[in-house]
Amino acid sequence: MRDFISRLGIWGELLQFLWRRKLYWLMPMILVLTLIVGFVILASNPATGPFIYSLF
């Protein structure tokens, strides 16, 4: 498990930090923020924009 986390780089360090400090409640918030950022990046592309907008 540590090998997998160490390959994630900064994300792995963040997960280790949250796990050690027992901040489990922050993990879903980080996941949601990551999904929102992904949607914003996809929506900025003119070819994929209409598909993202139709989801909402």
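Given the structure is predicted, the values throughout are model-derived calculations rather than measurements.

1. Some points on the overall build of the chain
No. 1: Looking only at helices and strands, one finds 4 helices and 0 strands in the chain.
No. 2: Residues counted as buried form 12% of the 56 residues belonging to the chain.

2. With respect to the packing of helix α2 (residues 10–20) against helix α3 (residues 26–44)
No. 1: Remark: α2 packs on α3, axes separated minimally by 10 Å, with the N-to-C direction vectors making an angle of 155°. One finds that α2 runs roughly antiparallel with respect to α3. Along the contact surface, α2 presents W11, L14, L15, L18 and W19, while α3 presents L26, M27, I30 and T34.
No. 2: Class assignment for the residues of the contact of α2 with α3 results in 8 nonpolar, 1 polar and no charged.

3. Some words on the confidence of the model for the chain
No. 1: Summary statistics for the chain give a mean pLDDT of 81 and a share of 88% for residues scoring 70 or more.
No. 2: Predicted confidence in the chain is weakest over helix α4 (residues 49–55), with a mean pLDDT of 70, and strongest over α3, with 86.

4. Considerations on the layout of surface pockets
Taking a probe equal in size to a water molecule and rolling it over the atoms shows the remaining empty space.
No. 1: Counted as a void, the second largest pocket has a volume near 150 Å³.
No. 2: Along the walls of the second largest pocket sit L8, W11, L14, L15, L18, M27, I30, L31 and T34, which together make up its complete lining.
No. 3: For the lining of the second largest pocket, the secondary-structure elements that each account for two or more residues are α2 and α3.
No. 4: Considered class by class, the residues forming the lining of the second largest pocket number 8 nonpolar, 1 polar and no charged.

5. Concerning the packing of aromatic side chains
No. 1: Taken as a whole and judged by the stated rule, the model has 1 aromatic pair.
No. 2: Between the aromatic rings of W19 and Y24, the centroid separation amounts to 5.0 Å while the plane-to-plane angle is 75°, which identifies the pairing as edge-to-face.
No. 3: Judged by its relative accessible area of 53%, W19 is exposed.

6. Details of a nonpolar patch on the surface
No. 1: The grouping of F4, L8, I10, W11 and L15 at the surface amounts to a nonpolar patch, some 510 Å² of accessible area in total.
No. 2: With 3 residues, the single largest contributor to the nonpolar patch is α2.
No. 3: Looking at the element boundaries, W11 is found in helix α2.
No. 4: Judged by its relative accessible area of 48%, W11 is partly exposed.

So, how was this worked out
Residues numbered from 1 in each chain as written. Predicted model: local features only at pLDDT ≥ 70, side-chain atom pairs only at ≥ 80, totals over all residues. Heavy atoms only, no water. Helix = DSSP H or I, 4+ residues; strand = E, 2+ residues; numbered from the N terminus. Buried < 20%, exposed > 50% of the residue type's maximum accessible area, 1.4 Å probe, protein only. Axes fitted to C-alpha atoms, helices over the stretch in contact; angles between N-to-C directions. Parallel < 35°, antiparallel > 145°, perpendicular 65-115°, else oblique. Contact = heavy atoms within 4.5 Å. Nonpolar A, V, L, I, M, F, W, Y, C, P; charged D, E, K, R; others polar. pLDDT = per-residue confidence, 0-100. 1 Å grid on protein atoms, 1.4 Å probe; cavity = no way out; pocket = protein on both sides within 12 Å on 5 of 7 lines; lining within 4 Å. Points joined across faces, edges and corners; volume = space filled by probe spheres on them. Phe/Tyr/Trp six-rings, centres within 6.5 Å; stacked < 30°, edge-to-face > 60°. Patch = residues over 30% accessible without salt bridge, like charges linked within 9 Å, V, L, I, M, F, W, Y side chains within 5 Å. Areas by Shrake-Rupley, 256 points an atom, 1.4 Å probe, with all protein chains shown as cover. Salt bridge = Lys/Arg side-chain N within 4 Å of Asp/Glu carboxyl O.

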